[in-house]
Amino acid sequence: MFGDLMGMMGKLKETQAKVEATKKRLDTVMVDESSSDGLLKVTLTANRELKSISVDDALLEDKEQLEDYLVLTLNKAIAKATSVNETELAAVAKDGMPNIPGMDSLFK
């Protein structure tokens, strides 16, 4: 019994290390998003850190329009980055979980 417990603890520590490595790797995964007309482009990491914003000169003439573009485009980019982040971390966590009856239903 204790051997199984020690094995599970070792596997959990290994999984924790893999999760941390995945988080660091996600700092290098870039997510690009642009407005539907291409006048605004943003780039975030999969950890949702803003890396760049590109604004077409046409948007500089109307502050309110630019603000609307920023909100819409950033929200789309954040949603996309969050999806990538959660998918990657869930895959690592699921792969590293010990075989505990009933736990597999949590990851479906």
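The structure this text deals with has already been given above.
A.B. asks: Whenever I open this one, the overall build of the protein confuses me. Can you help?
C.D. replies: Scanning the protein for helices and strands turns up two helices and three strands. In sequence order, the secondary structure elements of the protein are arranged as α-β-β-β-α. A buried classification covers 23% of the 108 residues belonging to the protein.

A.B. asks: I would appreciate a short explanation of the sheet that holds strand β3 (residues 50-55) in the present structure.
C.D. replies: As a general point, the strands of a sheet are linked pairwise by backbone hydrogen bonds and lie either parallel or antiparallel. Reading across from one edge, β1-β2-β3 is the order of the three strands in this open sheet, with antiparallel pairing throughout. Bordering the open sheet on either side are β1 (30-34) and β3, each of which pairs with just one other strand. On average, each strand axis in the sheet is tilted by 10 degrees relative to the strand beside it, whichever way the strands run. Where strand β2 (residues 40-45) lies against β3, five bridges are found, and the strand directions are antiparallel.

A.B. asks: Teacher, can you tell me more about the environment of Asn85 here?
C.D. replies: With respect to the secondary-structure elements, Asn85 resides in helix α2 (residues 63-96). Separated by 37 residues in the primary sequence, Asn85 and Arg48 place their C-alpha atoms 8.5 Å from one another. Not counting chain neighbours up to four residues away, the residues in contact with Asn85 comprise Leu26, Ala46, Asn47 and Arg48. There is a polar contact of 3.2 Å between the side chain of Asn85 and the backbone oxygen of Ala46.

A.B. asks: Whenever I open this one, the pairing of β2 confuses me. Can you help?
C.D. replies: Among the six residues that make up β2, five are buried, leaving the element largely enclosed by the rest of the structure. Sheet analysis places β1 next to β2, joined by five bridges and oriented antiparallel. In the strand pairing of β2, Glu33 is matched with Val42. Between the antiparallel neighbours β1 and β2 lie five residues, among them Gly38 with a positive phi of about 80 degrees. Here β2 folds back onto β3 in antiparallel fashion, the turn holding four residues, of which Arg48 has a positive phi close to 70 degrees.

Reading guide: rules and limits
- Residues numbered from 1 in each chain as written.
- Predicted model: local features only at pLDDT ≥ 70, side-chain atom pairs only at ≥ 80, totals over all residues.
- Heavy atoms only, no water.
- Helix = DSSP H or I, 4+ residues; strand = E, 2+ residues; numbered from the N terminus.
- Buried < 20%, exposed > 50% of the residue type's maximum accessible area, 1.4 Å probe, protein only.
- Pairing = 2+ DSSP bridges.
- Axes fitted to C-alpha atoms, helices over the stretch in contact; angles between N-to-C directions.
- Contact = heavy atoms within 4.5 Å.
- Polar contact = N/O pair within 3.5 Å; in protein donor to acceptor, adjacent residues only side chain to side chain.

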